[in-house]
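# Observations on the three-dimensional arrangement
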Amino acid sequence: MTPKSSTLENKKGAGQAKSNGGFLHETPLLDRLETGPWPSFITGFKELANRTHSTMLRGVLDQLEYSYETKTGYWKGGTVGVRGYGAGIIARFSVISNKFPEAAEFHTLRVQPAPGLHYTSKSLRDMCDVWEKYGSGIIALHGQSGDIMLQGTTQTKAQECFDELNKLGWDLGGAGPTLRTSASCVGPARCEQACYDTLGVHHKLLTHFVDLTHRPSLPYKFKFKFSGCPNDCTNSIMRSDVAVIGTWRGDIEIDQAEVGRYVDQLGADYIQNSVVALCPTKAIRLKGREIEIDNRDCVRCMHCINALTKALSPGGDRGVTILVGGKGHLKVGNMLGSMIVPFMKLETDEDMEKLVDFGTRMIEWWADNALDHERIGETIERVGMQAFLDGMGIEPTIDMVEAPRDNPFFKVEY
Amino acid sequence: MTPKSSTLENKKGAGQAKSNGGFLHETPLLDRLETGPWPSFITGFKELANRTHSTMLRGVLDQLEYSYETKTGYWKGGTVGVRGYGAGIIARFSVISNKFPEAAEFHTLRVQPAPGLHYTSKSLRDMCDVWEKYGSGIIALHGQSGDIMLQGTTQTKAQECFDELNKLGWDLGGAGPTLRTSASCVGPARCEQACYDTLGVHHKLLTHFVDLTHRPSLPYKFKFKFSGCPNDCTNSIMRSDVAVIGTWRGDIEIDQAEVGRYVDQLGADYIQNSVVALCPTKAIRLKGREIEIDNRDCVRCMHCINALTKALSPGGDRGVTILVGGKGHLKVGNMLGSMIVPFMKLETDEDMEKLVDFGTRMIEWWADNALDHERIGETIERVGMQAFLDGMGIEPTIDMVEAPRDNPFFKVEY
Amino acid sequence: MSAQAQATTWKTVESGPPDPMKFLHPLAVKNYGRWKYHERPRPGVLKHTAKSGDALYTVRAGTTRQMTVDGVRRLCNLADRYSDGYLRFTVRNNVEFLISNPGNVDPLIGDLEAIGHPVGATGNSVSAIAHTQGWLHCDIPATDASGVVKSLMDELIDEFKREEMPNRVRLSTSCCEINCGGQNDLAVIIQHTRPPRINHDILNNICERPKVVARCPTAAIRPATVNGKPSLIVSEEKCICCGACFGACPAMEINHPEHSKLAVWVGGKHSNARSKPTNMKLAAFGLPNNPPRWPEVADVVKRILRAYKEGGHPWERLGEWVDRIGWKRFFEATGLPFTKWHIDNYRLARVSFNKSAHIRF
Amino acid sequence: MSAQAQATTWKTVESGPPDPMKFLHPLAVKNYGRWKYHERPRPGVLKHTAKSGDALYTVRAGTTRQMTVDGVRRLCNLADRYSDGYLRFTVRNNVEFLISNPGNVDPLIGDLEAIGHPVGATGNSVSAIAHTQGWLHCDIPATDASGVVKSLMDELIDEFKREEMPNRVRLSTSCCEINCGGQNDLAVIIQHTRPPRINHDILNNICERPKVVARCPTAAIRPATVNGKPSLIVSEEKCICCGACFGACPAMEINHPEHSKLAVWVGGKHSNARSKPTNMKLAAFGLPNNPPRWPEVADVVKRILRAYKEGGHPWERLGEWVDRIGWKRFFEATGLPFTKWHIDNYRLARVSFNKSAHIRF
Ligand code: SRM
Ligand code: SRM
Ligand code: SRM
Ligand code: SRM
Ligand code: SF4
Ligand code: SF4
Ligand code: SF4
Ligand code: SF4
Ligand code: SF4
Ligand code: SF4
Ligand code: SF4
Ligand code: SF4
């Protein structure tokens, strides 16, 4: 099964794939994506097709070549699923299967990876083996939401393929109006800035909501993302309905000896111009070989900590801030999530329960209030922040806004 | 007619007015506005009423007292005008004239003052004399749009009163859906920052459009305001549909000897912290006793010039920038005008004709496109900036926006 | 001669605004457009120096705005005595005397103060409050602007006479949500808190119904038959109490002696100096409309100005001060409560949300 | 055993995402949450030091994202050889090997490059381009994201391998206006320029008409009878070519080989470092959709990155650089044309207008 050849030999194989071999049809346009120093997905596909003699793959390459020629896509959706689930497989049928019958079906299984996208080589190999058996062998690591995308199976093989994967411990991700697969940054596993356990929280929350992932019952998609600190390495603010971002209260921790070493190494000028001067609220000062921070004015932007990582660290009283309502362009234009929970501890099981409760109530509020195909950010915008806060029982705080309103058009309850 | 008594004697009169005399009725609530160090309009009114025995004024004070008691206003509008004009008098009839028959009518003439609100004592005295004859004697200097408001005449006296004023060289201002009375800052008459002739341009433009001021023929009100420099002492950006604001191209003029004197007088620290550090684009630096400005980055904010007025002045190539679409709260919330003409010379008669032409076309475009009761800023927002620029034949420039759009939702002509 | 008869004899000259040059002080004419710099010898006094070397002094003083022929004549008397017969008014209703003889400055100040006109309003002072008509004249006011101003200025007069604030401070008041007073560093504006009650008896006689319906920004008004007559009704849920309909039709009675309240707004700025112009933001609302002295409003205004005076850096306008310290500290420093209604829920609301993890603790 | 038969024997375990701890490198488990700082010994390599003193090396390399079992197995081979069998992927589809033995770093890099995986993407590099499905798989794409990415990365690979930009640079591409690629410092996104043509023959069979009508943000779609059958029509004037209807109904054919064009966006930022997160803004549009290499897009992208590389200050993200120099200078520095369509005319348009007299000449 797994080719036992060494990496270098495999490389040779990859090189050969640049000719279309005997198996594949001509794809002159796609072939032009095989030149140049960046690795080529076309080369990869051809290598695979030539080795496995997958007719599906040949058909898909033919159709893709035709797309390049005609500048048109030829897939349509449909319904392909596995027992008990209403989501997780993206069905693709060719609309020109008369022309490319080999590409008639090309469905994708969205498989939820472990939080943080960590693998053992064994776990990946096992998955590859199943996938080579039941599918095309194309794997995207990863989709933009974080799924492993196993691209190219058929209706008849889907269930079996999933069963085998499920036996290995994998489950499907979200699609359609469901709670979607999440992403979390590498966090505490390898990052000194992590203010909470991104991987653990992701794991627990998504496991808790697994039913909502598999069975479409929401007005539209709903995404959580988990970033360990305000650097937001998962882009959660724009790419998720609920961004759980690590932060801290209290003072930034300072190791003044390290500050001194940075002054020696980078120069005081650099620190003045590229650290101190860039603090958004001018909360930080360099005095000789020491740093002083007015923590009341610090807005937890991370910049000074990023720049002087050996000397500065997030304060010890850590937790998360939660932003709600991020989403992409569609219909209303990009939306960035906005602060709804200024600070929440997220350490104990009880804290975790609070987060689950918060998520549950939020999803319920949204399901009750949203129009069809309306993300929660749109719903909040439509009904007003007040209705959302009331519905959720959240205390309003000034942290939620950049500034108070600039119009008098509201009606206090009476 | 005019009391010949001296100011100090008059002051004595004003003091006495604090008792209601024999003529006026009791106004216990209003009387409480006669205490305290700030001059009291009530004291003024009472003094006037007691001297002139104006029953209208007595009635108005009675009704005002009643308003203070009941926290309710009692005027309604109506139509009072002068021959040939459709605007300029704000009619006020009491809705409780059965209760206060003396206050049955209380109309205001809006009189256009000279640009810059300059007067000779003679011109004011002459006006006072006419007004005492035909009206209550109450004058507001000035209304928020800049009119002299002669408050308190009757339908029967309005025409005659206006004729007398008109003979003295005064004309009525705007009201309703007309081109409104303008305001201009003191400008070149007494300000070193003036980048164009605010008074002259105001005078010429409003004279040109006088027909639009007197005859309601627009979708709604339309206001010009004229500020000599970006300090915008007329608040034009929010309070006018078209803000004509002085500015300059080329370099800020620097008198380095004066810079040196400022350094001596204010200290280099002050200049660093309160001038240099506050430049919005960090375009200015203090080097020893000299100032250096990167004029390409200067955004013409005026701050450094304001702070070091002896040393710095607007550059020599002066003109105006025009912002369109400012207005108050009503319906949509406050709107600040936005830059439509980045720079326009405004010195010669030809320049002036260009401005008149610009104004004419803008008003026409707006009249053609606006809904009823829609200010031009609202119209532009509704139809889109593109339609406005096309309609006006204006080249788009990046100066018009803080940043390009953040959504892809537009359709280029094809 | 009857008014009517006289009227017909005079043919109106549609002159528009008078030519300003006729009214300018001779030194202003001579040095028109050629001023070099200005100084402030003391609060209330400006000295402008022209390139020619000429110096023109200005003495600035507060007025009631709602003046009378008597009051105006008194100012004319002073102008004749001290400023060659020339005077002007500022956009904030202060009077200015333009003086060529420096020796006239102090005596004029003495006389002005003697007849009750405080001298000041220059530089970093609290200038006079721009205000509107109120119960004295407007047809839609819910309070009296002149009265609010008089009450407030009685408390702020020291700051009017001094130049001790971080930068100039502009205030305004308005007697309905339309806000003819314009925005400012600090503005006091009446605000309706209940939808209009409809006076069905008169509506049909005095209003064009489609026009009223069109006036509403939230489409809260719709035609209906009430007591057998065509009238309008308002959806309480949709109505945002803006009062636009009342301007179009007096039967849409939005004013209320108890439910029209006062709100205080801060941070409006028109000048382009340093930061770009900004709209003002809601600081406090629901303050009682409490004539004749509105003490609750004065309390809030003073709290805000006190905190700004203490905390503002040189040249920082009120809104710039808040921007630097953050709104959280503004509410702390003033002791004003932050409520959910401070959060925008109108058409551009999203723009004001904190779309970041930036937070002060 | 048939697929069907086998299926019934296995009872699905609804496990959700696997437990991450099972997949973590032992040093990551040991030092979980107790890392102290990191260094970047060279581009593509991170060294994280734990409070315990342990050091964990990471080697990062580019992938095609659209990989195959063969390619994945090759990476697994390398992991077995050099990183104790542990590897992970970044949110940008780069592969990372977590290494306890520093001696393995260089050989791994050699092997990675030998099989065509460029090593880099750390620090101030141009990392891999986040991308989407394109013609390979999606049902609504107007271009091929993987192809655009391959073409661009061929040109940007040097910046991927170096750390010479002012700050990290994130790019994304998307094959329709929905933009699954998300926003970034620079994004390449297809954009429709014509309203959908309606395929009336199939519409009625495959779409729920009310749903399609409801999907349109500008109410441009309305029910109509076409050729005697119930169908829909689109108001050309109202339609903003967003493509939302196409997602709801394939009969709303918005994609077009010529009229779907590429646009380049800049200045998106998610991190809260220094400035608040920002939405990206339109830099260029109407670029031809020109497979297989899209040279016009590469030209624009390189112009922008070159200008940023030259002009950006240390730590300035692309959007922060533009904010400092102003958009006027951005268009000058890149030589891109500014057009009226760069001016927003959508629902929050007013917010983006220059509501000030601030101007650069
Ligand atoms: C007289 C007047 C113009 C007029 O035509 O009437 C005027 C006159 C001057 N203004 Fe003004 N401004 C006048 C209303 C304004 C207004 C509008 C208002 O008050 O409603 C503004 C805009 C306020 C705003 O932003 O909302 C205004 C914003 C400025 C600024 C910008 C201040 C800033 O830092 O934001 C300056 C610059 C300065 O202070 O040096 C300025 C500077 C000046 C100077 C120094 C200009 C000069 O060199 O002569 C004048 C004397 C200022 C002083 O009082 O110390 N003037 N000035 C107005 C006096 C109003 C009053 O009675 O208090
Ligand atoms: C008299 C004056 C207030 C004052 O005491 O100074 C005033 C008084 C009225 N304004 Fe005003 N506005 C006055 C300056 C303003 C200003 C300030 C300015 O011009 O700089 C504004 C804000 C700027 C603007 O134009 O938006 C202003 C914004 C309004 C609006 C709201 C316009 C909007 O689109 O937001 C209305 C409502 C309307 O037009 O329907 C309004 C309507 C009114 C009416 C006509 C109310 C009505 O519909 O019956 C008021 C008549 C009061 C009366 O009895 O005289 N008034 N109004 C000001 C005019 C005096 C003058 O001619 O000098
Ligand atoms: C591995 C990864 C997280 C993961 O779970 O996969 C990661 C890892 C690190 N990020 Fe990140 N970031 C990663 C994606 C991101 C993203 C999202 C993205 O790329 O799509 C962002 C947000 C970008 C944005 O704002 O749009 C991101 C914004 C940052 C920042 C903020 C930079 C700034 O100044 O704005 C830092 C701070 C820094 O650079 O020191 C940071 C810092 C770091 C540090 C230094 C954290 C640490 O101490 O270990 C990590 C090594 C950085 C390096 O490459 O030099 N990371 N980082 C991601 C690598 C992506 C890649 O392959 O290129
Ligand atoms: C596969 C993937 C792109 C990729 O190649 O990586 C993808 C593909 C599709 N997205 Fe997406 N989206 C993918 C991540 C995203 C992201 C990024 C993220 O999650 O971080 C976004 C932006 C963030 C957001 O949620 O807004 C995104 C915003 C959308 C939207 C617009 C949502 C909006 O409200 O703006 C749609 C349209 C819709 O849902 O109707 C959409 C719809 C789609 C559909 C289902 C198109 C459709 O309606 O038929 C695409 C299926 C393609 C296919 O054939 O597989 N996709 N989509 C990503 C999911 C893979 C995974 O599960 O890991
Ligand atoms: S978001 Fe913060 S904690 Fe997470 S990987 Fe990035 S820098 Fe580290
Ligand atoms: S974290 Fe950001 S806001 Fe806080 S002190 Fe450092 S640079 Fe300033
Ligand atoms: S706007 Fe400028 S020119 Fe006019 S008075 Fe104010 S500072 Fe002088
Ligand atoms: S005018 Fe303003 S922008 Fe220009 S240099 Fe002076 S302070 Fe800076
Ligand atoms: S603010 Fe309102 S009530 Fe006051 S004068 Fe203006 S329109 Fe009339
Ligand atoms: S008060 Fe405003 S929102 Fe309410 S009905 Fe009247 S116009 Fe409509
Ligand atoms: S961007 Fe559009 S075309 Fe591309 S994958 Fe996403 S939904 Fe499909
Ligand atoms: S493309 Fe968008 S705007 Fe046009 S009809 Fe479809 S949904 Fe409506």
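Use the structure listed above.
Residues numbered from 1 in each chain as written. Chains lettered and ligands numbered in written order. Predicted model: local features only at pLDDT ≥ 70, side-chain atom pairs only at ≥ 80, totals over all residues. Heavy atoms only, no water.

Taken together, the contact pairs 13 residues of chain C with 13 residues of chain D. There are 0 salt bridges connecting chain C and chain D. Connecting chain C to chain D are 8 residue pairs in polar contact (both at pLDDT 80 or more). Looking at side-chain class alone, the side of chain C that touches chain D contains 4 nonpolar, 5 polar and 4 charged residues. (Contact = heavy atoms within 4.5 Å. Salt bridge = Lys/Arg side-chain N within 4 Å of Asp/Glu carboxyl O. Polar contact = N/O pair within 3.5 Å; in protein donor to acceptor, adjacent residues only side chain to side chain. Nonpolar A, V, L, I, M, F, W, Y, C, P; charged D, E, K, R; others polar.)

Turning our eyes to something else, we now look at the coordination of the iron atom of ligand 2. A lone protein donor binds the iron atom of ligand 2: C180(C) (SG), at 2.3 Å. If you trace the backbone, C180(C) turns up in the loop between β7 (171-174) and β8 (186-192). (Donors = N, O, S within 2.8 Å, 3.2 Å for Na, K, Ca; no water. Helix = DSSP H or I, 4+ residues; strand = E, 2+ residues; numbered from the N terminus.)

All right, on to the interface of chain C and chain B then. With 119 residues of chain C in contact, the opposing surface of chain B contributes 129 residues. Buried surface at the junction of chain C and chain B, summed over both partners, amounts to about 10900 Å²; 57% is from carbon and sulfur atoms. Of all residues in chain C, R73(C), W135(C) and H137(C) bury the most surface against chain B, accounting for 7% of the area lost on that side. Applying the counting criterion to the chain C and chain B interface returns 12 salt bridges. (Buried area = accessible area lost by both parts, 1.4 Å probe.)

Here the focus is the site of ligand 10. Around ligand 10, the surrounding shell holds 14 residues, and the nearest of these are C216(C), C239(C), C242(C), G243(C) and C245(C). Each residue belonging to the shell around ligand 10 can be placed in one class, and the counts come to 12 nonpolar, 2 polar and no charged. (Near = heavy atom within 4 Å.)

For the match of chain C to chain D, the screw axis carries a shift of 0.0 Å, the RMSD comes to 0.0 Å, and the turn is 180°. Taken together, the turn and the small shift mark the pair as related by a two-fold rotation axis. Proximity to the rotation axis, assessed at the C-alpha, singles out L348(C) in chain C; its C-alpha lies 3.4 Å from the axis. The share of interface residues of chain C whose copies in chain D are also at the interface is 100%, consistent with both copies meeting through the same surface. (Least-squares fit on C-alpha atoms with pLDDT ≥ 70 in both.)

Right, let's talk about the sheet that holds strand β9 (residues 183-184) of chain A for a bit. Residue and element names in this part refer to chain A. Taken in spatial order, the 5 strands make up an open sheet running β9-β10-β11-β16-β17, and their pairing is mixed. Each having just a single partner strand, β9 and β17 (338-344) make up the two edges of the open sheet. Direction of pairing for strand β11 (residues 242-249) relative to strand β16 (residues 317-324): antiparallel, over a ladder of 8 bridges. Residue pairing in the sheet places W248 in a bridge with R318 of β16. (Pairing = 2+ DSSP bridges.)

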